[in-house]
Amino acid sequence: MEISYQRIYSRLFKYYGPQKWWPADTSFEMMIGAILVQNTSWHNAEKALANIKPYLAPELMEKLATGEMAEMIRPSGFFNVKAKRINAFLKWFKTYHCDIGVIKQIDRQRLRNELLNINGVGRETADVMLLYAFDKPIFVVDNYARRIFYRIGFNMPKTYDAFRNEVEGTMAGDLELFNEFHALLVEHAKSHCKKTPICEGCPLLEMCHQRLD
Ligand code: SF4
């Protein structure tokens, strides 16, 4: 059977259904969540988000002292570093008067470069922001995607952008597809393709080589 990214996507979508990500009330909350979840679980990021919820608007957040913000986001770990990263992000966001609509008009590559220039925003963080806040179709490469594709049998490129280009180059993807694909891969890595995989009942079982790490 020929395995393709499209086939993987279709199987996961059929099995798990639409995920409708990102779990946030506003695009601003989404972007702050993307910084808070760096190097930690979503569970910890959520605790930090709950603490900082009353300040989840740019005009309120910028009034917080860095130390105060760091205390609130403590559950996300690396909280001093993340508070500085959030401030760096806010500084950039303000250059567009915090206007998501205006930022969405920017070309994907130019916007990606701008995000990558913000201190503490790496490729994965930039790409989830592009996808879930700024409506840019892009494939997000994370450890879950790496793990699942490897186990299925793909020899994916090692570098982030080569991996991303490989998937994007063979999928006729629109925004909705990439939005769902990332969320579905995360769900699959949590439900079946865990560190120790639960292959029984896995929707990808018949196409998977089950290579273990
Ligand atoms: S069959 Fe097993 S290793 Fe392959 S994708 Fe499913 S859970 Fe992961």
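Definitions and limits used
Residues numbered from 1 in each chain as written. Predicted model: local features only at pLDDT ≥ 70, side-chain atom pairs only at ≥ 80, totals over all residues. Heavy atoms only, no water. Core = buried A, V, L, I, M, F, W, Y, C linked by side-chain atoms within 4.5 Å. Buried < 20%, exposed > 50% of the residue type's maximum accessible area, 1.4 Å probe, protein only. Domains from an automatic or database assignment. Contact = heavy atoms within 4.5 Å. Buried area = accessible area lost by both parts, 1.4 Å probe. Salt bridge = Lys/Arg side-chain N within 4 Å of Asp/Glu carboxyl O. Polar contact = N/O pair within 3.5 Å; in protein donor to acceptor, adjacent residues only side chain to side chain. Helix = DSSP H or I, 4+ residues; strand = E, 2+ residues; numbered from the N terminus. Nonpolar A, V, L, I, M, F, W, Y, C, P; charged D, E, K, R; others polar. Near = heavy atom within 4 Å. Axes fitted to C-alpha atoms, helices over the stretch in contact; angles between N-to-C directions. Parallel < 35°, antiparallel > 145°, perpendicular 65-115°, else oblique.

A. The arrangement of the nonpolar core in detail. Formed by 73 residues in total, the largest nonpolar core has its most connected members in Phe149 and Phe181. Looking at which domains feed residues into this core, each of domain 1 (5-20 + 140-207) and domain 2 (27-132) gives three or more. In contact with Phe181, other than residues within four places in its own chain, are Tyr5, Ile8, Tyr9, Leu12, Phe139, Phe149, Val167 and Met171.

B. Up close: the domain arrangement of the protein chain. Domain annotation for the protein chain reports domain 1 (5-20 + 140-207) and domain 2 (27-132). Here the C-alpha centre of domain 2 lies 25 Å away from the C-alpha centre of domain 1. Contact residues are listed per partner, giving 12 residues for domain 1 and eight residues for domain 2. Interface area, domain 1 with domain 2, both sides summed: about 910 Å², of which 52% is carbon and sulfur. Per-residue buried area on domain 1 facing domain 2 is highest for Val140, Tyr160 and Arg164; these three make up 42% of the total on that side. At the junction of domain 1 and domain 2, the tally comes to three salt bridges. A salt bridge links Asp161 to Arg112; the nearest nitrogen and oxygen atoms lie 2.8 Å apart. On inspection of domain 1 and its partner domain 2, the count reaches five residue pairs in polar contact (both at pLDDT 80 or more). Mapped onto the side of domain 1 that touches domain 2, the elements with two or more residues apiece are helix H11 (160-170) and helix H12 (175-191). In terms of residue count, H12 provides more of the side of domain 1 that touches domain 2 than any other element does, five residues in total. When its residues are assigned to classes, the side of domain 1 that touches domain 2 shows six nonpolar, two polar and four charged.

C. Summary view of unusual backbone geometry. The amide bond that connects Trp21 to the next residue, Trp22, takes the cis arrangement and shows omega of 0°. By the element assignment, Trp22 lies in the loop between helix H1 (5-16) and helix H2 (27-36). The residue Phe78 is not glycine, and still its phi comes out positive at about 45°. We note that Cys98 has phi near 55°; this positive angle belongs to a residue other than glycine. Relative to the helices and strands, Cys98 resides in the loop between helix H6 (79-94) and helix H7 (100-104). According to the relative accessible area criterion, Cys98 is partly exposed, its value standing at 25%.

D. Structural context of the environment of Leu212. Its place among the elements puts Leu212 in the segment after H12. Taking C-alpha positions, Leu212 is 25 Å from Glu168, a pair spaced 44 residues apart along the chain. Among all residues touching Leu212, those that are not within four sequence positions of it are Tyr150, Arg151 and Pro197.

E. Main features of the site of the ligand. The immediate surroundings of the ligand are formed by Arg151, His188, His192, Cys193, Pro197, Ile198, Cys199, Cys202, Leu205 and Cys208. Per-class residue counts for the shell around the ligand are seven nonpolar, two polar and one charged.

F. Just the packing of helix H10 (residues 143-152) against H12, in detail. For the pair H10 and H12, the least separation of the axes is 9 Å and the interaxial angle reads 70°. One element, H10, and the other, H12, form an angle in the roughly perpendicular class. Between H10 and H12, the residues in contact are Tyr144, Ala145, Arg147, Ile148 and Phe149 and Phe181, Leu185, Val186, His188, Ala189 and Lys190, respectively. Residues that form the contact of H10 with H12 fall into these classes: eight nonpolar, one polar and two charged.

G. Quick look at the environment of Ile86. If you trace the backbone, Ile86 turns up in helix H6. For Ile86, a relative accessible area of 0% translates into the label buried. Along the chain, Ile86 and Lys14 lie 72 residues apart, while their C-alpha atoms are 37 Å from each other. Sequence-distant contacts of Ile86, that is, excluding residues within four places in its chain, are made with Ile32, Ile35, Leu36, Met61, Met69 and Ile73.

H. Broad picture of the environment of Asn113. Counting through the fold element by element, Asn113 comes out in helix H8 (residues 108-116). By relative accessible area, Asn113 is classed as partly exposed at 39%. Along the primary structure Asn113 and Trp92 are separated by 21 residues, whereas in three dimensions their C-alpha atoms are 12 Å apart.

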